[in-house]
Amino acid sequence: MDKTTKINVKDLNLFYGDFQALHNVSMDIREKEVTALIGPSGCGKSTFLRTLNRMNDLIDIVKIDGDINYDDKDIYSQWDVIELRKKVGMVFQKPNPFPMSIFDNIAYGPRTHGIKNKAILSDIVEKSLQQASLWEEVKDRLHKPALGLSGGQQQRLCIARVLAVEPDVVLMDEPTSALDPISTSRIEDLIDELKQNYTIVIVTHNMQQAGRISDKTAFFLHGKIEEFGPTDEIFFNPSSPKTEEYISGKFG
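As the structure is a prediction and not an experimental result, all values here were calculated from the model.

(A) Focus on the overall build of the protein. Helix and strand counts for the protein come out as ten helices and ten strands. For 252 residues, the compact-globule formula gives about 18 Å, and the C-alpha radius of gyration of the protein, at 18 Å, lands near that figure. Each of the three principal axes of the protein carries a C-alpha extent, and together these read 55 × 40 × 40 Å. In the protein, which comprises 252 residues, the share counted as buried stands at 50%. Considering only residue pairs separated by 6 or more positions, the protein has 68% of its internal contacts joining residues 24 or more positions apart. Surface exposure of the protein reaches about 12,000 Å², of which carbon and sulfur atoms provide 49%. Taking the 30 positively charged and 37 negatively charged side chains of the protein as two groups, their mean positions are separated by 5 Å.

Given below as structure tokens:
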């Protein structure tokens, strides 16, 4: 089956006041693939990720020009921002469960979108936790506080919370950087499963992680895409000397 483009970015420039953080970024993000964004700190990768569901709209001094189309519709003129963020969900660097029960964390999104029926909510909660590989660990404590979970469990809970509103694309901003190696490995396995049904874009500082889990990799440097292509090519046969230097650990 031919994979189609989910998000198309063309000539994207982003400014924080007078500072230009992104320069002419263009990229096709294809459905049911994992696209990794790598590069040194401050290179623009998280800023770019946040443009994809308009999270940067929350910052007053941000100016953006260029085109971002999701499902062939411009995200600024043809998508309602609430609907866009439902379809393009986000998982943050540090797990951020709400201070409520595990059940209410997952049911929060569906309730916001008008689902009140208890049986339907229960089904959504179970399905989302199953998808996030967390159900077996928490099914007997759904009404206990989510903040009582371990860090790795909290991050899987946050992934389940995103999945509960049936997104199409899941953005992940360094989702394992605050986690231990075992929890990291579980989230990587989970990402591998999720790409059967979702398009995933992940920012990672961990080069090995990008190599393990992604289909495509974009290397960002000074707010520009230095190189973008199949992960194997970027890692083993990069066309840019800068990419090779970064991958081999000469800077970063």
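After that view, the rundown keeps rolling.
(B) How the structure looks around a nonpolar patch on the surface. A surface patch of nonpolar side chains, amounting to about 290 Å² of accessible area, comprises Leu58, Ile59 and Ile61. Tracing the chain through its elements places leucine 58 in the loop between α1 (45-51) and β4 (62-70). Overall, the relative accessible area of 59% leaves leucine 58 in the exposed class.

(C) Representation of the sheet that holds strand β8 (residues 199-203) within the structure. If you walk across this open sheet you meet the six strands as β6-β7-β8-β3-β9-β10, and the pairing is mixed. Looking along the sheet, the strands with just one partner apiece sit at the ends: β6 (88-91) and β10 (224-230). When strand polarity is set aside, the average angle formed by the axes of neighbouring strands in this sheet is 15°. Bridge analysis of strand β3 (residues 34-38) against β8 gives four bridges, and the strand direction is parallel. By the bridge assignment, valine 34 is partnered in β8 with isoleucine 200. Each of β6 and β7 (169-173) is contacted by helix α6 (residues 151-163), which is oriented at about 170° to β6, the strand it contacts most.

(D) Inspection of the environment of valine 201 at higher detail. Here valine 201 shows up in strand β8. Judged by its relative accessible area of 0%, valine 201 is buried. Along the sequence, valine 201 and glutamate 136 sit 65 residues apart, while their C-alpha atoms lie 27 Å from each other. What valine 201 contacts, discounting residues up to four positions off in sequence, is Ile29, Thr35, Leu37, Leu49, Leu52, Val170, Leu171 and Met172.

(E) Local environment of helix α4 (residues 118-131). Compared with an ideal rise of 1.5 Å per residue, which puts 14 residues at 20 Å, α4 spans 20 Å between its outermost C-alpha atoms and is within 8% of the ideal. Taken together, the buried positions of α4 are occupied by Leu121, Ile124, Val125, Ser128, Leu129 and Gln131. Down the axis of α4, the buried side of the element spans an arc of 155°, and every buried residue falls inside it. Tucked inside the fold, the buried residues of α4 contact α3 (102-112), α5 (135-138), α6 and α7 (181-194). Structurally, the start of α4 carries an N-cap: the backbone nitrogen of alanine 119 is 2.8 Å from a side-chain oxygen of asparagine 117. Once α4 finishes, serine 133 follows within two positions and takes phi at roughly 55°, a positive value.

(F) Layout of the pattern of salt bridges. The final tally for this structure, using the stated rule, is twelve salt bridges. Put simply, lysine 195 and aspartate 215 hold a salt bridge, and the shortest N to O gap is 3.0 Å. Note that lysine 195 is positioned in the loop between α7 and β8 and aspartate 215 in the loop between α8 (207-213) and β9 (216-221), a separation of 20 residues in sequence. Taken together, the shared-partner salt bridges connect Lys6, Asp71 and Asp168 into one network.

(G) Expanded view of the sheet that holds strand β1 (residues 5-16). As summarised here, the arrangement of the four strands in space is β2-β1-β4-β5, forming an open sheet in which the pairing is antiparallel. Looking at which strands have only one partner, the edges of the open sheet turn out to be β2 (19-30) and β5 (73-74). Note: β4 against β5, two bridges, orientation antiparallel. Each bridged residue has a counterpart across the sheet, and for tyrosine 70 the counterpart in β5 is lysine 73.

About the cut-offs
Residues numbered from 1 in each chain as written. Predicted model: local features only at pLDDT ≥ 70, side-chain atom pairs only at ≥ 80, totals over all residues. Heavy atoms only, no water. Helix = DSSP H or I, 4+ residues; strand = E, 2+ residues; numbered from the N terminus. Rg over C-alpha atoms; globule rule 2.2 N^0.38 Å. Buried < 20%, exposed > 50% of the residue type's maximum accessible area, 1.4 Å probe, protein only. Contact = heavy atoms within 4.5 Å. Areas by Shrake-Rupley, 256 points an atom, 1.4 Å probe, with all protein chains shown as cover. Lys, Arg positive; Asp, Glu negative; His and termini not counted. Charge placed at Lys NZ, Arg CZ, Asp CG, Glu CD. Patch = residues over 30% accessible without salt bridge, like charges linked within 9 Å, V, L, I, M, F, W, Y side chains within 5 Å. Salt bridge = Lys/Arg side-chain N within 4 Å of Asp/Glu carboxyl O. Pairing = 2+ DSSP bridges. Axes fitted to C-alpha atoms, helices over the stretch in contact; angles between N-to-C directions. Expected span 1.5 Å × (residues − 1). Arc of directions from axis to C-beta. Polar contact = N/O pair within 3.5 Å; in protein donor to acceptor, adjacent residues only side chain to side chain.

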